[in-house]
Amino acid sequence: MTSPQNDPAPQPPQGHTHAHTHSHGPAAPVSRHLRKVIAAVLIPFATAVVVGLIAFWPGGVPDHERTGVGFDRQTQDGKVVQVVKVDCADVNAAQVPPTGDTSTPSGREAVNEQEGECAKATIEVTSGDDKGRRFVEVVQPDAPRQLKEGQGVVVAYAPDAPRDLQYSVTDVNRKVPMALLAGIFALAVVLVGRMRGVMALVALAVSFAVLTLFILPAILQGSNPLVVAVIGASAIMLAALYMCHGVTARTSVAVIGTLISLLLIGLLGSLFIGWASLSGNTDDNTGLIKGLYPDIDMSGLLLAGVIIGSLGVLDDVTVTQTSAVWELHQADPEMGWKGLYRAGIRIGRDHIASVVNTLVLAYAGAALPLLLLFSIAQSSVGTVANSELVAEEIVRTLVGSIGLVASVPVTTVLAALVVSADRAGPGGAQAATAAPARTGRGRRRKTG
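The shown structure was predicted, so the numbers you read here are calculated from the model rather than taken from an experiment.

> Where do I start with the overall build of the protein in this structure?
Per the secondary structure count, the protein includes 15 helices and 5 strands. Looking at the protein residue by residue over its 448 residues, the buried ones come to 36%. Here the contacts in the protein between residues at least 6 apart in sequence split such that 72% fall between residues at least 24 apart. Carbon and sulfur atoms form 63% of the exposed surface of the protein, whose accessible area is close to 25200 Å².

Take a look at the structure:
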């Protein structure tokens, strides 16, 4: 009969228990022992990354004599100052095929050049040593890029050509709309993400700096593309995750999960790129790179692209899974690591389905013009998949997807083990905070 009278007594401990639960957030510190274990893994890894950056630091892009082909041209800014419509027959030397056959693309193009209305544009160079110099560009009526007065353009300069032919329009100047779009993106990230958004932009700048100052020049200097990609991707991963999510045990678990997944992607990519005999030299751009720098390992460059391309999505998966396990633990601190793993993997299965689909569609969208060409040619699925252009994308997609799928159980089990071991570990932050409540209950039972 004493228990009903003592019912009000537990009220103070309940208030204390509420304070204890509230004090535990996702960023709560873990035990000193676990911090030492995590540091024992990450400090040598981070040290190896720094040593790799120093050892392979390229010191800049190697010089070469410009070929004037593709992107390897001298360019300047220009502006369209006048556009005049003229008869194509007056400015073109093209002739209709002697047979009169206009059923072929070349025949139809020749007819358009003879009978259509062309644009005669006057272009003024607005940068470089020849600033103020003008030249004429003739635009065909069926050309994909039409020019208009006041439009900014990019002009290519060929110093070895005759003076009247040294300059030509190579593209439209898109700097203003691109800069405006980047500004809108940055503003949206900061408005929604606040300080996290600012740190995400800083991490993005660091990632871009590692890519342009280390990875690309080091590959051009002749370093092994796979080694350079692993070092660069690791540096990007460490900077991005810790900048965006803080130096916490939760972030460290995500880093370890990402690292294991990247290693798996590297091993699978190396195996299947070699097995499928993928050269990595499949178009004009890769051919130009190989011509300029014959010592570059193009298949290694392909593998480096697979690793770097998978890194961004891997970060998202590992951070999300780690956060999910931490939140599950906060909701039920008594749940063991097996229960945390089962609950976390259920969340991960939904994540896998959406991420893999996103990755496949992203690669398919990038290769859409190529797929259209195969569709026009009415090639079979086997023929399309066997071509090196498509096989590269298939290997890239599937290897990256396997790494993503593997990252879910790997990161989930790591997070479950860490957070549950921290709860049970002696001297842990959670155990120390929870101890007064248990002691209070024990004393009341003895006195009762």
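> I keep staring at the packing of helix α6 (residues 175-220) against helix α7 (residues 225-245) and nothing clicks. Help me out?
Two quantities define a packed helix pair, namely the angle between the helix axes and the distance between the axes. At their nearest, the axes of α6 and α7 sit 9 Å apart, and the two run at 170° to each other. Taken together, the axes of α6 and α7 are roughly antiparallel relative to one another. Where α6 crosses over α7, the two elements pack in a sense that is right-handed. Here R196, M199, A200, V202, A203, V206, S207, V210, F214, I215, A218 and I219 of α6 lie close against α7, whose contacting residues are P225, V228, I231, G232, A233, I236, A239, A240, M243, C244 and H245. Among the residues forming the contact of α6 with α7, the class breakdown is 19 nonpolar, 3 polar and 1 charged.

> Please clarify how the nonpolar core should be interpreted in this entry.
A general feature of soluble globular proteins is that nonpolar side chains tend to end up buried together. Judged by nonpolar contacts, the single largest core of 57 residues is most densely connected at F45, F214, I215, M237, V255 and W326. Counting only elements with at least two residues in this core, the list comes to α3 (32-56), α6, α7, α8 (249-275), α10 (298-331), α11 (337-366) and α14 (388-424). At 11 residues, the largest contribution of residues to this core is made by α10. V255 has contacts with L42, F45, M237, L238, L241 and Y242, leaving out every residue within four places of it along the chain. Counting 12 residues, the second largest nonpolar core, distinct from the first, contains V80, A119, I123 and F135.

> How should I be thinking about the state of the cysteines in this particular structure?
Cysteine pairs can be linked by a disulfide, which is a covalent bond between their two sulfur atoms. Evaluation of the coordinates by the stated rule reveals 1 disulfide. Here C88 engages in a disulfide with C118; their sulfurs sit 1.9 Å apart. Taking the torsion about the sulfur-sulfur bond, which here is approximately 110°, the covalent link between C88 and C118 counts as right-handed. With C88 in helix α4 (residues 88-91) and C118 in strand β2 (residues 117-125), this residue pair connects regions lying 30 residues apart in the sequence. Judged by relative accessible area, which is 0%, C88 ranks as buried.

> Looking at this structure, how should I read the packing of α7 against α10?
Close contact between α7 and α10 brings their axes to 9 Å; oriented N to C, the two are set at 20°. Between α7 and α10, the angle is such that the two are roughly parallel. Between α7 and α10 lies a crossing whose hand is right-handed. From α7, P225, L226, A229, V230, A233, I236, M237, L241 and H245 reach across to α10, where they touch G300, L301, L303, A304, I307, I308, L311, D315 and V319. Along the lines of polarity and charge, the residues of the contact of α7 with α10 split into 15 nonpolar, 2 polar and 1 charged.

> Looking at this structure, how should I read the sheet that holds strand β4 (residues 152-157)?
Paired through backbone hydrogen bonds, the strands of a sheet run either parallel or antiparallel to each other. Spatially, β3-β2-β1-β4-β5 is the arrangement adopted by the 5 strands of the open sheet, whose pairing is antiparallel. Each edge of the open sheet carries a strand with a single partner, namely β3 (134-139) and β5 (167-172). Each strand of the sheet is rotated relative to its neighbour by a mean of 45°, with strand direction disregarded. Sheet topology note: the β2/β3 ladder contains 6 bridges and is antiparallel. Residue pairing for β3: A121 is matched across the bridge by E137.

> Can you walk me through the packing of aromatic side chains in this structure?
The relation between two aromatic rings is expressed through the spacing of the ring centres and the mutual angle of the planes. One pass over the full model with this rule turns up 4 aromatic pairs. Ring geometry for F135 versus Y167: centroids 5.9 Å apart, planes at 20°, classification stacked. Of the two residues, F135 sits in strand β3 while Y167 sits in strand β5, which places them 32 residues apart along the sequence. In this structure, F135 and Y167 share a single accessibility class: buried. Taken together through their ring pairs, the aromatic side chains of F135, Y157 and Y167 make up a single cluster.

> Would you take a moment to explain α8 for this structure?
Owing to its 3.6 residues per turn, the α-helix brings residues three or four apart onto one side. For α8, with 27 residues, the first-to-last C-alpha span of 39 Å sits near the 39 Å given by 1.5 Å per residue. At the C-terminal side of α8, S277 shows a positive phi close to 55°.

> Teacher, can you tell me more about a positive patch on the surface here?
A surface patch of like charges, here positive, comprises K338, R342, R346 and R349. Topologically, R346 is positioned in helix α11. A residue is classified by how much of its surface remains accessible, and R346, at 51% relative accessible area, is exposed.

> Just checking my understanding: could you explain the side chain of T411 for this structure?
Mapping T411 onto the fold places it in helix α14. In this structure T411 touches V253, G257, T318, Q321 and T322, once residues within four positions along its chain are discounted.

> I would appreciate a short explanation of the pattern of salt bridges in the present structure.
Between side chains of opposite charge, a pair can form as their charged atoms come close. Under the counting rule described, the total for this entry stands at 5 salt bridges. Note that R174 and D171 form a salt bridge whose closest N and O atoms lie 3.0 Å from each other. Given a relative accessible area of 43%, R174 falls into the partly exposed group. E393 is paired through a salt bridge with R396; the nearest N and O atoms lie 3.5 Å apart. In this pair, E393 and R396 are both assigned in helix α14, 3 residues apart and thus about one turn of the helix distant. Of the residues examined, R396 reaches a relative accessible area of 15% and is grouped as buried.

> Is there a simple way to explain the layout of surface pockets in this structure?
By rolling a water-sized probe across the atoms, one finds the places where empty space is left. The computed volume of the largest pocket comes to approximately 720 Å³. Forming the boundary of the largest pocket are 26 residues, of which L216, T286, I289, M298 and L301 lie nearest the centre. Looking at the lining of the largest pocket, the elements that each hand over two or more residues are α6, α9 (284-292), α10, α11 and α14. Of the residues forming the lining of the largest pocket, the biggest block, 6 residues, is contributed by α10. Residue composition of the lining of the largest pocket, grouped by class: 17 nonpolar, 5 polar and 4 charged.

Cut-offs used in this document
Residues numbered from 1 in each chain as written. Predicted model: local features only at pLDDT ≥ 70, side-chain atom pairs only at ≥ 80, totals over all residues. Heavy atoms only, no water. Helix = DSSP H or I, 4+ residues; strand = E, 2+ residues; numbered from the N terminus. Buried < 20%, exposed > 50% of the residue type's maximum accessible area, 1.4 Å probe, protein only. Contact = heavy atoms within 4.5 Å. Areas by Shrake-Rupley, 256 points an atom, 1.4 Å probe, with all protein chains shown as cover. Axes fitted to C-alpha atoms, helices over the stretch in contact; angles between N-to-C directions. Parallel < 35°, antiparallel > 145°, perpendicular 65-115°, else oblique. Left-handed = near helix turned anticlockwise from the far one by under 90°. Nonpolar A, V, L, I, M, F, W, Y, C, P; charged D, E, K, R; others polar. Core = buried A, V, L, I, M, F, W, Y, C linked by side-chain atoms within 4.5 Å. Disulfide = S-S within 2.5 Å. Pairing = 2+ DSSP bridges. Phe/Tyr/Trp six-rings, centres within 6.5 Å; stacked < 30°, edge-to-face > 60°. Expected span 1.5 Å × (residues − 1). Patch = residues over 30% accessible without salt bridge, like charges linked within 9 Å, V, L, I, M, F, W, Y side chains within 5 Å. Salt bridge = Lys/Arg side-chain N within 4 Å of Asp/Glu carboxyl O. Lys, Arg positive; Asp, Glu negative; His and termini not counted. Charge placed at Lys NZ, Arg CZ, Asp CG, Glu CD. 1 Å grid on protein atoms, 1.4 Å probe; cavity = no way out; pocket = protein on both sides within 12 Å on 5 of 7 lines; lining within 4 Å. Points joined across faces, edges and corners; volume = space filled by probe spheres on them.

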